[in-house]
Protein chains: 2
Amino acid sequence: MRLSQYFLPLLRENPAEAQIVSHRLMLRAGMIRQSSAGIYSWLPLGLRVLKRVEQIVREEQDRSGAQEILMPTIQPAELWRESGRYEDYGKEMLRITDRHDREMLYGPTNEELITAIVRDAIKSYRDLPKNLYHIQWKFRDEVRPRFGVMRGREFLMKDNYSFDLDPQGAKHSYNKMFVAYLRTFARMGLKAIPMRADTGPIGGDLSHEFQILAETGESEVFCDRLWLATDILAEAEELNYDSDLEPFFRHWTSLYAATDEMHRPETCPLPPDQLVSARGIEVGHIFYFGTKYSVPMGAVVAGAGGEEVPLEMGSYGIGVSRLVGALIEANHDDAGIIWPETVAPFRLGLINLRPSDKACRNAADELYAKLRGAGVEVLYDDREESPGAKFAAMDLIGLPDQLILGPRGLAAGTIEWKRRRTGARHELPLETAVAKFAATQREAR
Amino acid sequence: MRLSQYFLPLLRENPAEAQIVSHRLMLRAGMIRQSSAGIYSWLPLGLRVLKRVEQIVREEQDRSGAQEILMPTIQPAELWRESGRYEDYGKEMLRITDRHDREMLYGPTNEELITAIVRDAIKSYRDLPKNLYHIQWKFRDEVRPRFGVMRGREFLMKDNYSFDLDPQGAKHSYNKMFVAYLRTFARMGLKAIPMRADTGPIGGDLSHEFQILAETGESEVFCDRLWLATDILAEAEELNYDSDLEPFFRHWTSLYAATDEMHRPETCPLPPDQLVSARGIEVGHIFYFGTKYSVPMGAVVAGAGGEEVPLEMGSYGIGVSRLVGALIEANHDDAGIIWPETVAPFRLGLINLRPSDKACRNAADELYAKLRGAGVEVLYDDREESPGAKFAAMDLIGLPDQLILGPRGLAAGTIEWKRRRTGARHELPLETAVAKFAATQREAR
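Residues numbered from 1 in each chain as written. Chains lettered and ligands numbered in written order. Predicted model: local features only at pLDDT ≥ 70, side-chain atom pairs only at ≥ 80, totals over all residues. Heavy atoms only, no water.

**Some points on the overall build of chain A**
- From N to C terminus, chain A includes 14 helices and 23 strands.
- The C-alpha radius of gyration of chain A comes to 24 Å, within 12% of the 22 Å expected for a compact globule of 445 residues.
- Dimensions along the principal axes, computed over C-alpha positions, put chain A at roughly 80 × 60 × 45 Å.
- Looking at chain A alone, contacts between residues at least 24 apart form 71% of all its contacts between residues at least 6 apart.
- Total accessible area on chain A stands at roughly 17100 Å², and carbon and sulfur atoms take up 48% of it.
- Taking the 56 positively charged and 65 negatively charged side chains of chain A as two groups, their mean positions are separated by 6 Å. (Helix = DSSP H or I, 4+ residues; strand = E, 2+ residues; numbered from the N terminus. Rg over C-alpha atoms; globule rule 2.2 N^0.38 Å. Contact = heavy atoms within 4.5 Å. Areas by Shrake-Rupley, 256 points an atom, 1.4 Å probe, with all protein chains shown as cover. Lys, Arg positive; Asp, Glu negative; His and termini not counted. Charge placed at Lys NZ, Arg CZ, Asp CG, Glu CD.)

**Let's talk about the packing of aromatic side chains**
- Scanning the model with the defined rule gives 33 aromatic pairs over all chains in all.
- Ring geometry for phenylalanine 178 of chain A and phenylalanine 249 of chain A: centres 4.9 Å apart, planes at 70 degrees, overall edge-to-face. Within this pair, whereas phenylalanine 178 of chain A is found in helix α5 (residues 167-187), its partner phenylalanine 249 of chain A is found in helix α8 (residues 246-254), the two being separated by 71 residues in sequence.
- Judged by its relative accessible area of 0%, phenylalanine 178 of chain A is buried.
- Looking at phenylalanine 249 of chain A, the relative accessible area reads 8%, which means it is buried.
- A centroid spacing of 5.0 Å and a plane angle of 75 degrees characterise the contact between phenylalanine 289 of chain B and tyrosine 293 of chain B, whose relative ring orientation is edge-to-face.
- A relative accessible area of 4% means that phenylalanine 289 of chain B is categorised as buried.
- Exposure remark for tyrosine 293 of chain B: the relative accessible area of 1% places this residue in the buried category.
- Members of the aromatic cluster, each reached through a chain of ring pairs, are Tyr174, Phe178, Tyr181, Phe185, Phe210, Trp227, Phe248, Phe249, Trp252 and Tyr316 of chain A. (Phe/Tyr/Trp six-rings, centres within 6.5 Å; stacked < 30°, edge-to-face > 60°. Buried < 20%, exposed > 50% of the residue type's maximum accessible area, 1.4 Å probe, protein only.)

**Remarks on the interface of chain A and chain B**
- Contacts between chain A and chain B engage 55 residues on the former and 55 residues on the latter.
- Each partner contributes to the roughly 4400 Å² buried at the junction of chain A and chain B, and carbon and sulfur atoms together form 60% of this total.
- Considering only the surface of chain A that becomes buried against chain B, Phe7, Leu70 and Arg99 of chain A emerge as the three largest contributors, covering 16% of it.
- On inspection of chain A and its partner chain B, the count reaches three salt bridges. (Buried area = accessible area lost by both parts, 1.4 Å probe. Salt bridge = Lys/Arg side-chain N within 4 Å of Asp/Glu carboxyl O.)

**Some points on the sheet that holds strand β5 (residues 94-97) of chain A**
Residue and element names in this part refer to chain A.
- Taking strand neighbours across the sheet as the criterion, the three strands line up as β4-β6-β5 in an open arrangement whose pairing is antiparallel. Where the open sheet ends on each side, the last strands, each with one partner, are β4 (74-76) and β5. For this sheet the average axis-to-axis angle between neighbouring strands, irrespective of direction, equals 35 degrees.
- In this sheet, strand β6 (residues 103-106) lies alongside β4 in antiparallel orientation, the contact comprising three bridges. (Pairing = 2+ DSSP bridges. Axes fitted to C-alpha atoms, helices over the stretch in contact; angles between N-to-C directions.)

**Examining the pairing of strand β19 (residues 348-352) of chain A**
Residue and element names in this part refer to chain A.
- Of all five residues making up β19, five are buried, and the element is well covered by its neighbours.
- Here β19 shows two buried faces, one formed by Leu348, Leu350 and Asn352 and the other by Gly349 and Ile351.
- In this sheet, strand β20 (residues 378-381) lies alongside β19 in parallel orientation, the contact comprising four bridges. Paired with glycine 349 across the bridge in β20 is leucine 379.
- Handedness of the crossover joining β19 and β20 through helix α11 (residues 358-373): right-handed.
- Of the pairings in the sheet, the one linking β19 to strand β21 (residues 401-405) comprises five bridges and is parallel in character. Along β21, the bridge assignment pairs leucine 350 with leucine 403. (Right-handed = clockwise from strand over helix to strand, strands pointing away.)

**Structural notes on the domain arrangement of chain A**
Residue and element names in this part refer to chain A.
- Domain boundaries in chain A define domain 1 (21-337) and domain 2 (346-439).
- The gap between the C-alpha centroids of domain 1 and domain 2 is 39 Å.
- Roughly 890 Å² is buried in total at the junction of domain 1 and domain 2, and carbon and sulfur atoms are behind 49% of that figure.
- Looking at the side of domain 1 facing domain 2, the largest losses of area belong to Leu45, Arg48 and Ile337, adding up to 47% of the total buried there.
- The tally of links between domain 1 and domain 2 comes to three salt bridges. (Domains from an automatic or database assignment.)

**Observations regarding the side chain of lysine 130 of chain A**
- In this fold, lysine 130 of chain A is placed in strand β7 (residues 130-139).
- Although buried, lysine 130 of chain A forms no salt bridge, and the nearest oppositely charged side chain, aspartate 127 of chain A, lies 5.6 Å from it.
- Separated by 2.8 Å, the side chain of lysine 130 of chain A and the backbone oxygen of aspartate 127 of chain A make a polar contact.
- Those residues in contact with lysine 130 of chain A that lie beyond four places of it in its chain are Gln67, Ile122, Tyr161, Ser162 and Phe163 of chain A together with Gln5, Tyr6 and Phe7 of chain B. (Polar contact = N/O pair within 3.5 Å; in protein donor to acceptor, adjacent residues only side chain to side chain.)

**Focus: the environment of phenylalanine 210 of chain A**
Residues and elements named next belong to chain A.
- Inspection of the secondary structure assignment puts phenylalanine 210 in strand β10 (residues 206-213).
- The spacing of phenylalanine 210 and arginine 140 is 70 residues in sequence and 20 Å in space, taken between C-alpha atoms.
- When sequence neighbours within four positions are dropped, the list of residues in contact with phenylalanine 210 reads Phe178, Tyr181, Leu182, Phe185, Ile193, Pro194, Ile281, Glu282, Val283, Gly284, His285 and Ile286.

**Let's talk about the relation of the copies chain A and chain B**
- The transform that puts chain A on chain B rotates by 180 degrees and translates by 0.0 Å along the axis, for an RMSD of 0.0 Å. When the rotation and shift are considered jointly, the pair of chain copies conforms to a two-fold rotation axis. Among all residues of chain A, the one whose C-alpha sits closest to the rotation axis is isoleucine 96 of chain A, at a distance of 2.9 Å.
- When the interface residues of chain A are mapped onto chain B, 100% of them again fall at the interface, so both copies present the same face. (Least-squares fit on C-alpha atoms with pLDDT ≥ 70 in both.)

**Brief notes about the sheet that holds strand β5 (residues 94-97) of chain B**
Residue and element names in this part refer to chain B.
- Here we have three strands laid out as an open sheet, ordered β4-β6-β5, and antiparallel in their pairing. Two strands bound the open sheet, and with one partner strand each, they are β4 (74-76) and β5. The sheet shows a mean angle of 35 degrees between the axes of neighbouring strands, taken without regard to direction.

**A closer look at the pairing of β21 of chain A**
- Most of β21 of chain A is tucked away, with five of its five residues classed as buried.
- The alternating pattern of β21 of chain A places Asp401, Leu403 and Leu405 of chain A on one face and Gln402 and Ile404 of chain A on the opposite face, and all of these are buried.

**Quick word on the side chain of serine 41 of chain A**
- For serine 41 of chain A, the position within the fold is in strand β2 (residues 39-42).
- Owing to a relative accessible area of 1%, serine 41 of chain A belongs among the buried residues under this scheme.
- Those residues within four positions of serine 41 of chain A in sequence are excluded, and the remaining contacts are Met31, Ile32 and Arg33 of chain A together with Leu70, Met71, Pro72, Leu113 and Ile117 of chain B.

**Overview of the packing of α5 of chain A against α8 of chain A**
Residue and element names in this part refer to chain A.
- Viewed as axis vectors pointing N to C, α5 and α8 meet at an angle of 60 degrees, and their least axial separation amounts to 10 Å. Viewed along their axes, α5 and α8 adopt a mutual orientation that is oblique. For the element pair α5 and α8, the recorded crossing hand is left-handed. Residues Lys171, Tyr174, Asn175, Phe178, Val179 and Leu182 of α5 form the contact with α8, whose own contacting residues are Glu246, Phe248, Phe249, Trp252 and Thr253. (Parallel < 35°, antiparallel > 145°, perpendicular 65-115°, else oblique. Left-handed = near helix turned anticlockwise from the far one by under 90°.)

**Digging into the nonpolar core**
- Met31, Trp42 and Trp339 of chain A together with Met31, Trp42 and Trp339 of chain B are the most contacted members of the largest nonpolar core, which totals 186 residues.
- Ignoring any residue separated from it by four or fewer positions in sequence, one finds methionine 31 of chain A in contact with Met26, Ser41, Trp42, Leu43, Leu45, Gly46, Val49, Val324, Ile328, Ile337 and Trp339 of chain A. (Core = buried A, V, L, I, M, F, W, Y, C linked by side-chain atoms within 4.5 Å.)

**Remarks on helix α4 (residues 111-121) of chain A**
- Of all the 11 residues making up α4 of chain A, 10 are buried; the element is thus mostly covered by neighbouring parts of the structure.
- Buried within α4 of chain A are the following residues: Glu111, Glu112, Leu113, Ile114, Thr115, Ala116, Ile117, Val118, Arg119 and Ala121 of chain A.

**Brief notes about the pattern of salt bridges**
Residue and element names in this part refer to chain A.
- Within this structure, the stated rule accounts for 65 salt bridges over all chains.
- A salt bridge links arginine 63 to glutamate 60, with the nearest nitrogen and oxygen atoms 3.4 Å apart. Within this pair, arginine 63 and its partner glutamate 60 are both found in helix α2 (residues 44-63), separated by three residues, close to a single helical turn.
- Under the relative-accessibility criterion, arginine 63 is labelled partly exposed at 44%.
- Residue class for glutamate 60 comes out buried when judged on its relative accessible area of 0%.

**Brief notes about helix α1 (residues 21-28) of chain A**
Residue and element names in this part refer to chain A.
- With respect to burial, α1 is a largely interior element, seven of its eight residues being buried.
- Of all the residues in α1, the buried ones are Val21, Ser22, His23, Leu25, Met26, Leu27 and Arg28.
- Looking at the buried side of α1, the elements it contacts are β1 (32-36), β2, α10 (320-330), β17 (332-333), β18 (336-337) and α12 (387-397).

Below, the structure is given as structure tokens:
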């Protein structure tokens, strides 16, 4: 993409309304614009990241055997009366009355709707287990929306729902999501730590939230130092989802990890030098709640002996749009964002320092065409701007690598290569640049 | 995907509430389920088709140079007051009051919101032209929603908006979308005919709607017989979007085509044998409306001389979820759906006629594994059901090709290959089946 044609409204100044770094940087980098309190439009650069994150979430759901569906945003109030949650949910639920005076709502979550679908569609134990996920916009009418996409009102969430015949099956479904979540966040370069959690309005017996570590995280968390040294992705990679996942689950939940609310220094089993205190951001939450919805809503199947069995259920959520903010909280410096390769909006930035110079323009145009031909996603700064403005813009946007072409290098047949994260700079022979980046394309781990 | 594990709740009976064939078949084939009047959940099979359609729409938008963004579903009422449309829109607009008593609405379209974004972000003629699209759920509170996804209340739409400095530029943007729409529908195997249309509540001077031909279409249309003989995709393929598209536009709009409302037998210029009467379904609509929104909303840029110039705008819509229904209206027979290859949920169905037979099961499992290994999307009916039930289910679902493996063929080293559209059957040597379908994978035209 040529930057001269790209819809990328960068801001020079820090927006006054943005209190946290991800909100500031997303606004400044032209990723989002606010349309009302807590409601954002995603501009081209931001949407590319949102889609990368969404796709990793999707691939890991698919890998676990979950099947994708898509439920609507608007739900009928009756369903929530069946479960008894309609009145409980309070003012965070956006309630709507349609033209025929029917009570509707903008779904904040989907336990009721999925239970109704499965109740009508699944009649026999032979059709179990099932795990259905969707990635859809939700709405929570927060009293004070803030922190950009980290705490918006309209937000994108992956939520899924497992249906099993018995508690053992349901625990296996829970374990699968436990593994899938660790894999999902690790693929984005995030260190996510599962912590035992309260079940809140979803209800149930067993629940973990996943906290990623980021210096600017919203809350304090405490964990065993071993968490920091572990490559979860490598550990989880060998697992077969059909095998017994309970040893893996037990191992990773036995390592100490607690939110500020749950941590008690006096009872913490770790020696002080083994205990790490850090900042965390919640990005996922999983629940096992048994028959909390299936019993009141009558979601039963015929068991092997013909008897009626209420479905054993769990639900599992990842805040997809929130993750974009969380990724920035975990990956930035004073100059801007530093995208992990797996979620970067483009793999590479190409800067032409002197577009008014014909030789530079031709060489940069040619390199751009060759990179695209090799399948490399490249954002090409072909604008008539000062070198300083271009460097600042590219650092702000935070693509993993930059190629910088200027008249001096061109005369020597070289191009400068800068790694955004380390700042390391190298001279490359111009003719090797394409092969280098064609060979390091985004790999699907 | 193994059908024994797939969430595919087929219905044996025609649902009483479904009046048209696409609604009936989508319910029977387990593609959708209704959650409230005019609001549907998309089950795995249906969602796969929806995503194929969405992706073709996206690719053709990208090819035309439009850039993807994503605006929220919930919009503030103030914006619609700025344009003067808030009161005009009537009861079809779903109006919402949030917890702070602010007036909001579920967007039925996005002219106001995109104008506000561009007004804030684009200040100079040098940043033009821009064409921004999004693919997002919309809501229209129809008084009597019916016909399944063909006339739902919550529906998925691709809408985009072009911004130009002057009417000539705006006309070029309009022409680009004219071409992109013809290409989009042609890639789905649909014959789409542009017809001069009223501009309705969007407003403006110039508008075309795109009607696809289907025997069960919702309205009568009239067109020149030449339309039927033309391969629009081939004609449009040679076009460069940066070239002058006016000759192409003039050629295709000079061929007679009119909706029932616009057709006047007494003034129709065609001889009777050149005039075709057919049934049509509207799937797209494009508008050029100049400064209708930019003037009241103050969306101006600095022109080359520094003067304030209001933006010249157009908007362009494709009903993505509606298209899934329209595709079925145009592609079905008494046995069920017949998907065009480019939008089929799976490329191929594999039927094991005798899963209880070990040799059959091993051979079918092996073939399934090899097909997947070759990248062929295959739905594998491994269920314990009668052959008749399996044939009926596979015909209902409508995958382009079926491979049928049974004990007799297996003994002879062959497999039956059935084309869904023609019903033609062939015996294939078992060992050639993988290569055959690996070689005919979905091509991106």
